[in-house]
Amino acid sequence: MQKFTQLNGLVAPLDRANVDTDLIIPKQFLKSIKRTGFGPNLFDELRYLDEGFPGQDATNRPLNKDFVLNQPRYKNSEVLLSRANFGCGSSREHAPWALVDYGFRAIIAPSFADIFFNNAPKNGLLLIQLDEATVERLFKEVEATEGYKLLVDLPAQTVTTPSGEVLSFEMDPFRKHCLIEGLDDIGLTLKDAADIKAYEEARAKVTPWIFA
Amino acid sequence: MAQTLYDKLWDAHLVKQRDDGTALIYIDRHLLHEVTSPQAFEGLRLAGRKPWRLSANLATPDHNVPTTVKERAQGVSGIEDEISRIQVQTLDDNCEAFGITEFKINDIRQGIVHVVGPEQGATLPGMTLVCGDSHTATHGAFAALAHGVGTSEVEHVLATQCLIQRKMKNLLIQVDGKLQKGVTAKDIVLAVIGEIGTAGGTGYAMEFAGSAISELSMEGRMTICNMAIEAGARVGLVACDQTTLDYVEGRPFAPKGKEWEQAVTWWKTLHSDADAKFDKVVKLDAAKIEPQVSWGTSPEMVGSVNSLVPDPAKAADENQRKSWESALNYMGLQANQAITDIKLDRVFIGSCTNSRIEDLRAAAEVAKGRKVASTLMQALVVPGSGLVKKQAEEEGLDKIFIEAGFEWREPGCSMCLAMNADKLGQGEHCASTSNRNFEGRQGYGGRTHLVSPAMAAAAAIAGHFVDVREWS
Ligand code: SF4
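Residues numbered from 1 in each chain as written. Chains lettered and ligands numbered in written order. Predicted model: local features only at pLDDT ≥ 70, side-chain atom pairs only at ≥ 80, totals over all residues. Heavy atoms only, no water.

## Regarding the overall build of chain A
Phase 1: Tallying secondary structure elements over chain A gives eight helices and seven strands in all.
Phase 2: With the principal axes as the frame, chain A shows a C-alpha extent of 65 × 45 × 25 Å.
Phase 3: For chain A, buried positions account for 57% of its 212 residues.
Phase 4: Across chain A, contacts joining residues at least 24 apart in sequence account for 63% of those joining residues at least 6 apart.
Phase 5: Accessible surface for chain A amounts to roughly 8600 Å². Of this, 52% is attributable to carbon and sulfur atoms.
Phase 6: If the 24 positive side-chain charges of chain A are averaged to one point and the 30 negative ones to another, these points end up 4 Å apart. (Helix = DSSP H or I, 4+ residues; strand = E, 2+ residues; numbered from the N terminus. Buried < 20%, exposed > 50% of the residue type's maximum accessible area, 1.4 Å probe, protein only. Contact = heavy atoms within 4.5 Å. Areas by Shrake-Rupley, 256 points an atom, 1.4 Å probe, with all protein chains shown as cover. Lys, Arg positive; Asp, Glu negative; His and termini not counted. Charge placed at Lys NZ, Arg CZ, Asp CG, Glu CD.)

## Focus: the overall build of chain B
Phase 1: Check the secondary structure of chain B and you find 16 helices and 19 strands.
Phase 2: Principal-axis analysis of the C-alpha atoms gives chain B an extent of 55 × 55 × 45 Å.
Phase 3: By the burial criterion, 67% of the 472 residues in chain B qualify as buried.
Phase 4: Across chain B, the fraction of contacts at a sequence separation of at least 24, relative to all contacts at a separation of at least 6, is 75%.
Phase 5: Here chain B displays about 15500 Å² of accessible surface, and carbon together with sulfur accounts for 49% of that area.
Phase 6: Of the charged side chains in chain B, 48 are positive and 60 negative; the average position of the first set lies 1 Å away from that of the second.

## Regarding the side chain of glutamine 110 of chain B
All names here are of chain B.
Phase 1: With respect to the helices, strands and loops of the structure, glutamine 110 is situated in the loop between β5 (101-102) and α5 (113-120).
Phase 2: A distance of 2.9 Å separates the side chain of glutamine 110 from the backbone oxygen of proline 61, its partner in a polar contact.
Phase 3: Sequence-distant contacts of glutamine 110, that is, excluding residues within four places in its chain, are made with Thr60, Pro61, Asp62, Val65, Arg72, Phe103, Lys104, Ile105, Val116, Ser385, Gly386 and Pro411. (Polar contact = N/O pair within 3.5 Å; in protein donor to acceptor, adjacent residues only side chain to side chain.)

## Considering empty space enclosed by the protein
Phase 1: Under the defined criterion, the tally for this structure stands at five cavities of 30 Å³ or more.
Phase 2: In terms of lining residues, the largest cavity is bounded by 22 residues, among which His63, Asp133, His135, Leu417 and Arg441 of chain B are the most central.
Phase 3: Among the residues forming the lining of the largest cavity, the class breakdown is seven nonpolar, 10 polar and five charged.
Phase 4: Of the voids in this model, the second largest cavity is the one considered here, and its volume is about 110 Å³.
Phase 5: Along the walls of the second largest cavity sit 16 residues, with Cys88, Gly89 and Ala113 of chain A together with Ile229 and Gly232 of chain B positioned nearest its centre.
Phase 6: The residue makeup of the lining of the second largest cavity, split by class, is seven nonpolar, seven polar and two charged. (1 Å grid on protein atoms, 1.4 Å probe; cavity = no way out; pocket = protein on both sides within 12 Å on 5 of 7 lines; lining within 4 Å. Points joined across faces, edges and corners; volume = space filled by probe spheres on them. Nonpolar A, V, L, I, M, F, W, Y, C, P; charged D, E, K, R; others polar.)

## With respect to the pattern of salt bridges
Phase 1: Taken as a whole and assessed by the stated rule, the structure comprises 42 salt bridges over all chains.
Phase 2: Linked by salt bridges that have partners in common, Asp15, Arg83, Glu136 and Lys140 of chain A together with Lys322 of chain B make up one network. (Salt bridge = Lys/Arg side-chain N within 4 Å of Asp/Glu carboxyl O.)

## Remarks on the interface of chain A and chain B
Phase 1: If you look at the interface, chain A gives 61 residues, while chain B gives 75 residues.
Phase 2: Where chain A abuts chain B, roughly 5600 Å² becomes buried across the two surfaces, and 56% of that area is made up of carbon and sulfur atoms.
Phase 3: For the pair chain A and chain B, the number of links is 12 salt bridges.
Phase 4: Close ionic contact of aspartate 81 of chain B with lysine 31 of chain A constitutes a salt bridge, the shortest N to O distance being 2.6 Å.
Phase 5: Taken together, the connections running from chain A to chain B amount to 37 residue pairs in polar contact (both at pLDDT 80 or more).
Phase 6: If you list the elements that add at least two residues to the side of chain A that touches chain B, you get α1 (21-24), α3 (94-102), α4 (114-119), α6 (173-181), α7 (185-190) and α8 (193-206) of chain A. (Buried area = accessible area lost by both parts, 1.4 Å probe.)

## Re the UniProt feature "domain: Aconitase A/isopropylmalate dehydratase small subunit swivel" (unreviewed entry) in chain A
Phase 1: Residues given the UniProt feature "domain: Aconitase A/isopropylmalate dehydratase small subunit swivel" (unreviewed entry) here are residues 1-132 of chain A.
Phase 2: The span residues 1-132 of chain A is 18% helix and 14% strand, and its two end C-alpha atoms sit 30 Å from each other. (UniProt positions renumbered as here; feature names shortened; annotations may be inferred.)

## Re helix α5 (residues 132-144) of chain A
Residue and element names in this part refer to chain A.
Phase 1: In this model α5 runs 18 Å from its N-terminal to its C-terminal C-alpha over 13 residues, within 8% of the 18 Å that 1.5 Å per residue would give.
Phase 2: Taken together, the buried positions of α5 are Thr134, Val135, Leu138, Phe139 and Val142. Viewed along the axis of α5, the buried residues span an arc of 145 degrees, placing them on a single side of the element. Those residues of α5 that are exposed and aimed more than 90 degrees away from the buried face are Ala133, Lys140 and Ala144.
Phase 3: Measuring from the backbone nitrogen of alanine 133 back to the side-chain oxygen at the start of α5 gives 3.1 Å, which picks out aspartate 131 as the cap. (Expected span 1.5 Å × (residues − 1). Arc of directions from axis to C-beta.)

## A closer look at the sheet that holds strand β18 (residues 429-432) of chain B
Residues and elements named next belong to chain B.
Phase 1: Read across the sheet, five strands follow the order β17-β16-β15-β18-β19 without closing on themselves; strand pairing throughout is parallel. Because the sheet does not close on itself, it has two edges, and the strands there are β17 (407-408) and β19 (447-450).
Phase 2: Across the face of the sheet, helix α12 (residues 318-331) comes into contact with β18 and β19 while running at roughly 110 degrees to β19. (Pairing = 2+ DSSP bridges. Axes fitted to C-alpha atoms, helices over the stretch in contact; angles between N-to-C directions.)

## A word on the site of the ligand
Phase 1: All residues in the neighbourhood of the ligand are listed as His63, His114, Asp133, His135, Ser351, Cys352, Cys413, Cys416, Leu417, Asn435 and Arg441 of chain B.
Phase 2: Structurally, the ligand is housed in the largest cavity. (Near = heavy atom within 4 Å. Sits in = over half its atoms within 2 Å of the grid points.)

Have a look at this one:
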């Protein structure tokens, strides 16, 4: 997993609440058995004017010029700014895979859906929750200023705007540690293998049918 | 101290509480399907890891299996879409390589994973159960702690039999009173989502209780818990009672003999204590719930069949106005248009929300002796599993549907998410018994209206939405 410490990234505004995982990566692309290659189909139905198919070369497809990520000023953006309940819907981890594959490293929104909130950091994608009013203000600033970048500092848990304003955000200490170190959860859990075995032994007496 | 059902289930599965506030939770049952598992198996292989406890796992392909008899005849090799075929084949290969029990494509026990688990008794009260699918909340109907996980967590559960979790808050949805005839579990849950919104349950385990819930069959309770995630709650729960025990007893994976007795003694304690504290309580009067129809592109955009499509000019705030406008635009609807005036192109009866035997019976009762409207392009009935299909055929339901003009298909997710050939065309309106009406969910540009099975059948016959209460 890619480590996350600091990032000074161009911001793209996606002004929409309840961005669901079907929108982030439509189902036809879930047929892949790989973890990579989803970037060209991120927000497929918003980004292109035609219907996308897995395995197709996306370079010559007709672009929806109105869609924010297709505007030249947001090319190579690394921070996505969006509205409440981002990532709702299905549990597909293809959603964070697609966002990361496209080049996003952090998402800022007033709130995130639970499963997406769990999935994203496991793929090195930082989710930053800021209150509605602050997000609203950032939208205005981003739209008004071409080349608007935010400096994200995970160890300090801050976001700094071009004008020097410092915004703090909350972060689960466990997730923070894993992101900064690029740690794999499984390796960490397996350090507790003895506890898991002890639990199983005790539990097998109470609920033997589970272990049949 | 008085505990909620969720508290009890959490405590029983706590392996270790860590200092950072996270906890290691033991997972009793893990269900797998072809879409969210290949990358997890690949991860295991790359790390040289093995499944921790093989017998915890049960797999079946469902999301992109074809549903026509013709395409199913040759099993996996007959799947025409090459990428779908590779994915189903990959599940077979992985299950074989790791020794995981799988109900393959043409096994009579194959079906939608959330129909198969309960049907086999693989879902039991008191369990923790996960699956790489957000509708895993379904299994909470059995007083089991069940939720969807992403692919990294699928791999984590395979390798460690545990998940790293934080405890959620407790939300109680109390539904008392008697449902009107023709109003079903689906209408209850749509009304709940309409009331609290798609993020209303975020961060909560959502328990459904009250007389209207305890009177429901297991099928009805599964429909309700299935859609907890559409209200933002990863976990839906219903207490264990005699209805639960009667359903579970004798199923292939359920405990037998002495172990059954032992299990029942514990299971009978699986309810929230009378004085348990919930962080939030929402109450609904069952008698006031009318048949529901969703009109927009989020399950919270829902209302009574007798209502009008809302007017964005009357939205509560700017954000709501914008989302209503964009929903009406996508759905091709006018503000203040009657829901009953929406013309339909297709009807879909199926999905993990509504493809169990009781759902098919309810739809067949409406369809019996009637004909699908000639204006409809297609009306599909897709049973949730091979065993549901068999039972329906024994009851003659297939004949009722076919005579009325419905297509009778092989089990799978089908048009719920259109990963196989069953999908909506651009701009088409569909009355669907599934759970999500997101843009493009049932096909590129497709327009989904969520309803109950009886409402879907009635809509198929009328060619537009009708109040099914006026039909009986
Ligand atoms: S029926 Fe639909 S919601 Fe249920 S598991 Fe299949 S695709 Fe998901």
